[in-house]
Amino acid sequence: MNVATFTTASTPSSFCPPSAAVATVRPWREWTVDGRPAQWQALAESASTPNPFFEPWYLIPSLEAFDPQGTKRLLTVEIGGELAALMPLTRPRRYGRWPLPHLASWLHPNAFLGVPLVRAGCERVFWQALLQWADEAATREQALFLHLPAMPLEQPLTAALFELSELQGRKAALVMREQRAMLHSPLSPDLYLERALTGKKRKELRRQHARLAEQGALAFERQLDATDLESWIEQFLLLERRGWKGTSGSAMACASTTESLFRKALVEAAGIGRLERLALTLDGRPIAMLANFLTPPGSFSYKTAFDEDFARFSPGVLLQRENLALLSRPDISWCDSCAAPDHPMIDSLWTERRPIGRISVAIGGSIRRRFFETLLSLELGRNPVGLSR
């Protein structure tokens, strides 16, 4: 297993003078009109750390699905009237099982990364503006601290938060850390597979492919545009719901909210070249499907499904073997699996790991900060995985 370390643009920018940065919090619907989604998308494409789940084509359908009342807000940082950073903001009344009100970036179960969108070079300026706003708003918002879930750890934006907190004498702590599979290698797809799997396992995959091909006409499809997208979406939702996710109630089609999100997000992503679709078909019928989000220089393996009637042939693994073609794309250098840690399939195939964590930060005045430090000591005492800074 390798922990993948990769850098993105983080050179200080003349665009980002701290004195000119203004943090504002508005209802999220205000960012869906008057050309603002275009500004938002331009920010996403210049972000130092990509996050498709906070891009407008995914976050707006998410908010429409899960916050129809419009209570969630977007925190933005603007410099000279230009958008430099954005993150969805919420005010949870509880922290785990404890009644501890706080501020947090907003996520839902089908959003797999919580890093704010921040223009490259503006990392420290963003945190300065956000923390100043949070300090001033802590009493009004009735918030004891700031919590940032699903943050990528070895990234310039996260490093800038810890560096600024130390400089300001502000407590910031990593309260949970985990590793999830990612694809990040200079090797060709064939060489990567040879390194990742034993000869015996590769032989078994070849045998499964041959036996599957005996069942009918076996074909692989890769699509980067919106051709037949609606049909593809219908087939995916049906395939996923027929499997274990449907039985457990976690398939996207099990709830109108997640089904609507899936449909809208894939259509919007395809419209701006952010979607890659893969399918393994048998006699024209898909038996394994995969949707990737493309966010150069990175990508995200969003959703996959396979026909469990063919489980003995490992169609999902065979499709992932085809997905290794990402390594050959000049515009993509890594792919986040979006999978749970220790995933039984992808962890054995993708050998790199991306460290992800939850970070809590002190805000407000001295009394709040002392209380936060007490809470932090209790949490880290129970959670030895957490690392305090």
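Note that the structure is a prediction, hence the values are computed from the model and not measured. (Residues numbered from 1 in each chain as written. Predicted model: local features only at pLDDT ≥ 70, side-chain atom pairs only at ≥ 80, totals over all residues. Heavy atoms only, no water.)

*Asks:* What exactly am I supposed to notice about the side chain of R26 here?
*Replies:* Summarising the element assignment, R26 is placed in strand β2 (residues 21-27). Setting aside chain neighbours within four positions, we find R26 in contact with W31, R36, R73, L74, T76 and E78. (Helix = DSSP H or I, 4+ residues; strand = E, 2+ residues; numbered from the N terminus. Contact = heavy atoms within 4.5 Å.)

*Asks:* Just to check I follow, could you spell out the environment of A160 for this structure?
*Replies:* Structurally, A160 can be placed in helix α4 (residues 156-168). Along the backbone, A160 and C338 are 178 residues apart, and their C-alpha atoms lie at a distance of 24 Å.

*Asks:* I'm lost on helix α9 (residues 256-271) in this one. Help?
*Replies:* In an α-helix there are 3.6 residues to a turn, and that puts residues three or four apart on one side. The first and last C-alpha atoms of α9 sit 23 Å apart over 16 residues, in line with the 22 Å expected at 1.5 Å per residue. Among all positions in α9, only T258, L261, F262, A265, L266, A269 and A270 are buried. Down the axis of α9, the buried side of the element spans an arc of 140 degrees, and every buried residue falls inside it. Looking at α9, the residues exposed on the side facing more than 90 degrees away from the buried face are S256 and G271. (Expected span 1.5 Å × (residues − 1). Buried < 20%, exposed > 50% of the residue type's maximum accessible area, 1.4 Å probe, protein only. Arc of directions from axis to C-beta.)

*Asks:* Looking at this structure, I do not really get the packing of aromatic side chains. What am I missing?
*Replies:* We describe a pair of aromatic rings using the distance from one ring centre to the other and the angle between the two ring planes. Following the criterion strictly, the structure yields 19 aromatic pairs and no others. Look at F53 and F112: their rings are 5.6 Å apart centre to centre, the planes differ by 80 degrees, and that puts the pair in the edge-to-face class. Residue F53 is located in the loop between α1 (36-45) and α2 (56-66), and its partner F112 is located in the loop between β5 (103-105) and β6 (117-118); the two are separated by 59 residues in the primary sequence. Owing to a relative accessible area of 16%, F112 belongs among the buried residues under this scheme. Taken together, a centroid distance of 4.4 Å and an interplanar angle of 25 degrees make the contact between F293 and Y302 stacked. Its relative accessible area of 0% is what places F293 among the buried residues. In this structure an aromatic cluster arises from ring pairing among F53, W57, Y58, F112, W232, F236, F262, F293, F300, Y302 and W334. If you follow R36 out to its NZ or CZ, it ends over the ring of W31, 4.9 Å from the centre. Directly above the ring of Y302 sits K303, whose terminal nitrogen or CZ lies 5.7 Å from the centroid. (Phe/Tyr/Trp six-rings, centres within 6.5 Å; stacked < 30°, edge-to-face > 60°. Lys NZ or Arg CZ within 6 Å of the ring centre and 35° of its normal.)

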